[in-house]
Structures are given as C-alpha cells and as structure tokens.
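One letter stands for each residue in the lines below.
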Amino acid sequence: MTVTDTTASHDKAAQHGFTEHSDGGWGLVPIQTRSERFRSTNVADFETLTGREAEWRYTPVERLTALSDGELDGAPYTVSVSDSDGVSAEWVDMDDARVGSAALPEDRPSANAWSQTEKAYAITISGEEAKTVTVERSALGTGARAAHTVITAEPNSQALLILKNSGDALLAENVEIVVGEGARLTVVSVQWWDDAALHLGSHFARVNRDATLKHVLVTLGGSLVRVNPSLHLAEQGSDVESLGLYFADAGQHLEHQVYVHHEAPYSRSRVTYKGALQGEGAHTVWIGDVLIGPDATGTDSYEQNRNLVLTDGTRADSVPNLEIETGDIAGAGHASATGRFDDEQLFYLEARGIPEEEARRLVVRGFLTEIIQQIGDPDLQESLENAVEEELASTKLVEVSR
C-alpha cells in the first residue's frame, strides 16, 4: 500500500523543502516549519540523494546508495523475544491497520524500506503490571535489507522494551511506536553493530493523552549509523523524554536527528543527548528540532546536546532548533556544547592524588553514565558501562588542542 501525505503538495519541490509562494505561486520559498515536510511511502516520490539536501548535508550519502536506491530484502528475519506476560509479537502484513499509525516516511531511504518490506514485526504490550521485554537481532547478514517494527502500548500499560542490534548489517528500517492513553513505555534501542555495519533507522512515535514515552538511543558500533526519532505529542498531557548516548571511534559516522512535535496542550518534553569522540575521522551529528504548535498551550520543553572531544582529529556537529507558534507556554529552551575535558574537574581529581590519565577516564565515565543510569535495566546498564570502559581502554586520553 502506498500512501502520500496530502498536507504537502505532491511535487519534487515539496520533498526538497520548498513550497509555492503565497502570492500567486510564481516562485518557490523554503518550507517554514518542520511539520510541513513532504511524506510518502512511495520511494519514487523522492529524488535521489545528493547530499545537498538540508537534512543530509552532514551525511556521506555516497555510501548509502544500496539503501536509498537499491533492492532490499524485506522478508522476515530471525528475531528473539524474551517471554513476558502481557506482551505479544507477530509478523503481520504491511496492510495491517497498525502499520502507518504513527507517521509516514520523510526521506528516500525510509520510503525505500517501507515499500520493500514484506512483513512488519508487531509488538503489542498490554496490562498495567510493569514488565521488561528484550528483542534481539544478530543475524541480519551483509545483504541490503529492509525492516519494519510496530510497537503498540495499549492504554494504561507499562513496559520497558529493549531492542538490541548486533552483528553484520546493511539495513534501512522504520520503527513505529504508539503509546496509548495513560500508558507508560520505555523503548531502548541499542546499536551495537559490527565495525562494517551501515544502518539507517527512522523511529516514529505518537504519544496519546496522559501517556509517557521514554525513548533511548545508544549507538556504539557500526561504520555509519544514522537513527532519527520523530516524537509526536499528539494529545493533552502527553510526556516524552528523549535520551541518547553515542561513542564514536576513528572513521565512525554516528548521526541522530531528533524531532519533537508538541501539537497538544499541556505536554512536556526533555531531550538530552551525550556523545564522546576519539580517533582520527570520528564524526558525530546531532540535530534537534522542537516544534511547539499553535494549539500547544502550556507546553514545557527543553533540549540539549553535549559532546566530549577526547582526541584531536574528530568532528562533532550539533544544531538545536526551536520553533514556537503560540505565546502561551510554560517554558522552552535549548543548549548545545562541544568541548574538551573540564580543567576544573581534572584539577579537583588530581589534587586528591588521582593520576592524570585515570582522572580523565573518571570524567568521561561520569559524563556518559548520566544517560546509562536512566535506562532502568541493571543488566543492560552494566553491559553499557563495561562497553564504555573498553572504549576508553583503547586510547590514551591526552591533552586536546584548543
């Protein structure tokens, strides 16, 4: 089934971020708000990526041709799910009513994956008792693949859902999350791919009345990983906490573009992403878009991104954006910072007899642990803390050029 969003005109200009001028349509002007982006499940509605598009300007698109333009294997794959009462998982056809219930693709790779996926993996959570579920994929292989996951939290349900990705991958996928009225859902997606993996992921979430979603992205492995969450606070009282952790080594490109759309009144969001970079050519990208719509009175929103540069030769791009279309809000703000070690922190530790190298490691651990400790699963938190230790052990943390 192919669906095109009628909120944007169906032409090549719209999907490149332009719309007709209001005075007679004689020219094109940039689309002014994030919510007006073109959407379609048909890959043919999107032009081939060039890297000049605003949303792709930091991404090495020449490495993604197989995922944006090529044929993808959209058949079901091997996946394991831990047993838990109140959780069901099944493969469903792409014309299932749950598919497309959160959002539609906004870019060519997402549409390519959507149109070539044969079956969606549908996870349904019910029951008011808190539960933890782990879904693991580790055998996707090196062939180009499409995937689609739909997560539905029924009204008043509670769960922590962990999506663990490892092994080889050449993957374009869509993940939809629908949080029913009064539900409390945490979704943790861990990208722990092998070194050569390429992964393009689009996460779409719809949060309904008085519901809460904690969305956590952890990206450690892979050669090029770009996972973008779009979080829609659709009904009154909805609440979103968007957290991210990434650690880029030499030659790695790790990218996250976060979009938070406050449509309903009295909704709340907090976005906190933290990253560390070490090694020649390590590159991270974080873009945070927050849109507070005209009906979103009483909104309370804040987003921040912090990057810690551990060695020379790295690059961290960080771009926060905030659009406000109503004057009646509780608060909104954003912050971004990229820097080297804090001299005061190092001095404090060294003054107490801690060697310089160990002091630097302690600073990095403390910087990243803030995110890890909010996941809510002790076993996963311990695994991630150990992974950070391994990353830190692989390089000597020396003074970084100013």
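Small disclaimer: the values here were computed from a predicted structure and weren't measured. (Residues numbered from 1 in each chain as written. Predicted model: local features only at pLDDT ≥ 70, side-chain atom pairs only at ≥ 80, totals over all residues. Heavy atoms only, no water.)

## As for the overall build of the protein chain
When its secondary structure is counted, the protein chain shows 6 helices and 20 strands. Of all 402 residues assigned to the protein chain, the portion counted as buried reaches 55%. Within the protein chain, contacts between residues at least 6 apart in sequence are counted, and of these 86% link residues at least 24 apart. (Helix = DSSP H or I, 4+ residues; strand = E, 2+ residues; numbered from the N terminus. Buried < 20%, exposed > 50% of the residue type's maximum accessible area, 1.4 Å probe, protein only. Contact = heavy atoms within 4.5 Å.)

## Focus: a negative patch on the surface
The grouping of Asp83, Asp85, Glu128 and Glu129 at the surface amounts to a negative patch. Its location among the elements puts Glu128 in the loop between β5 (119-125) and β6 (132-137). (Patch = residues over 30% accessible without salt bridge, like charges linked within 9 Å, V, L, I, M, F, W, Y side chains within 5 Å. Areas by Shrake-Rupley, 256 points an atom, 1.4 Å probe, with all protein chains shown as cover. Salt bridge = Lys/Arg side-chain N within 4 Å of Asp/Glu carboxyl O. Lys, Arg positive; Asp, Glu negative; His and termini not counted. Charge placed at Lys NZ, Arg CZ, Asp CG, Glu CD.)

## Focus on helix α6 (residues 378-393)
Its 16 residues place the ends of α6 23 Å apart at the C-alpha level, agreeing with the 22 Å of an ideal helix rising 1.5 Å per residue. Residues of α6 that are buried include every one of Leu380, Gln381, Leu384, Ala387, Val388, Glu391 and Leu392, and no others. One side of α6 carries all its buried residues, which in axial view fall inside an arc of 135 degrees. The exposed set on the far side of α6, more than 90 degrees from its buried face, consists of Pro378, Asp379, Glu390 and Ala393. (Expected span 1.5 Å × (residues − 1). Arc of directions from axis to C-beta.)

## A short note on the sheet that holds strand β12 (residues 212-219)
Judged by pairing direction, the sheet is mixed, and its 9 strands sit side by side in the order β3-β6-β8-β10-β12-β14-β16-β18-β20 without closing on themselves. If you trace the sheet from one side to the other, it starts and ends with β3 (80-81) and β20 (331-339), each paired once. Running over the sheet, α6 touches β8 (158-167), β10 (184-193), β12 and β14 (239-248) and is turned about 35 degrees from β10. (Pairing = 2+ DSSP bridges. Axes fitted to C-alpha atoms, helices over the stretch in contact; angles between N-to-C directions.)

## Regarding the pairing of β10
For β10, a buried count of 8 out of 10 residues is recorded, marking the element as mostly surrounded by other parts of the structure. Here β10 pairs with β12 via 8 bridges, running parallel. Residue pairing for β12: Ser189 is matched across the bridge by Leu217.

## A closer look at the side chain of Thr117
With respect to the element layout, Thr117 can be found in the loop between α3 (108-116) and β5. Relative accessible area serves as the criterion here: at 8%, Thr117 is assigned to the buried category. Of the polar contacts made by the side chain of Thr117, one reaches the backbone oxygen of Ala113; its length is 2.6 Å. Not counting residues within four places of it along the chain, the set of residues in contact with Thr117 comprises Gly74, Met94, Ala146, Ala147 and His148. (Polar contact = N/O pair within 3.5 Å; in protein donor to acceptor, adjacent residues only side chain to side chain.)

## Comments concerning the nonpolar core
Ranked by size, the top nonpolar core spans 46 residues in total, and within it Ile151, Ile177, Val179, Leu185 and Leu213 carry the most contacts. Ignoring sequence-local partners within four residues, the contact set of Ile177 consists of Ala102, Ile151, Leu185, Val187, Phe204, Ala205, Arg206, Leu213 and His215. If you look at the next biggest cluster of nonpolar residues, it comprises 24 residues, including Val190, Leu220, Ile371 and Ala387. (Core = buried A, V, L, I, M, F, W, Y, C linked by side-chain atoms within 4.5 Å.)

## Considerations on the environment of Ala66
In this structure, Ala66 sits in helix α2 (residues 65-68). Considering only alpha carbons, one finds Ala66 and Leu170, 104 residues apart in sequence, at a separation of 8.4 Å. With near-sequence residues (within four places) excluded, Ala66 lies in contact with Leu72, Ala144 and Leu170.

## What about the environment of Tyr266?
On the secondary structure map, Tyr266 appears in the loop between β15 (253-262) and β16 (268-277). Tyr266 sits in the exposed class, given a relative accessible area of 52%. Dropping the residues within four chain positions of it, Tyr266 is found in contact with Gln236, Gly237, Ser238, Thr297, Gly298 and Thr299.

## Observations regarding the pairing of strand β13 (residues 224-233)
Where burial is concerned, most of β13 is hidden: 10 out of the 10 residues are buried. Burial along β13 is two-sided: the face carrying Leu224, Arg226, Asn228, Ser230 and His232 and the face carrying Val225, Val227, Pro229, Leu231 and Leu233 are both buried. Here strand β11 (residues 198-207) pairs with β13 via 10 bridges, running parallel. Looking at the pairing, Ala205 lines up with Leu231 of β13. As judged from the 7 bridges shared by β13 and β15, these two strands associate in the parallel manner. When the sheet's bridge partners are listed, Leu224 is paired in β15 with His253.

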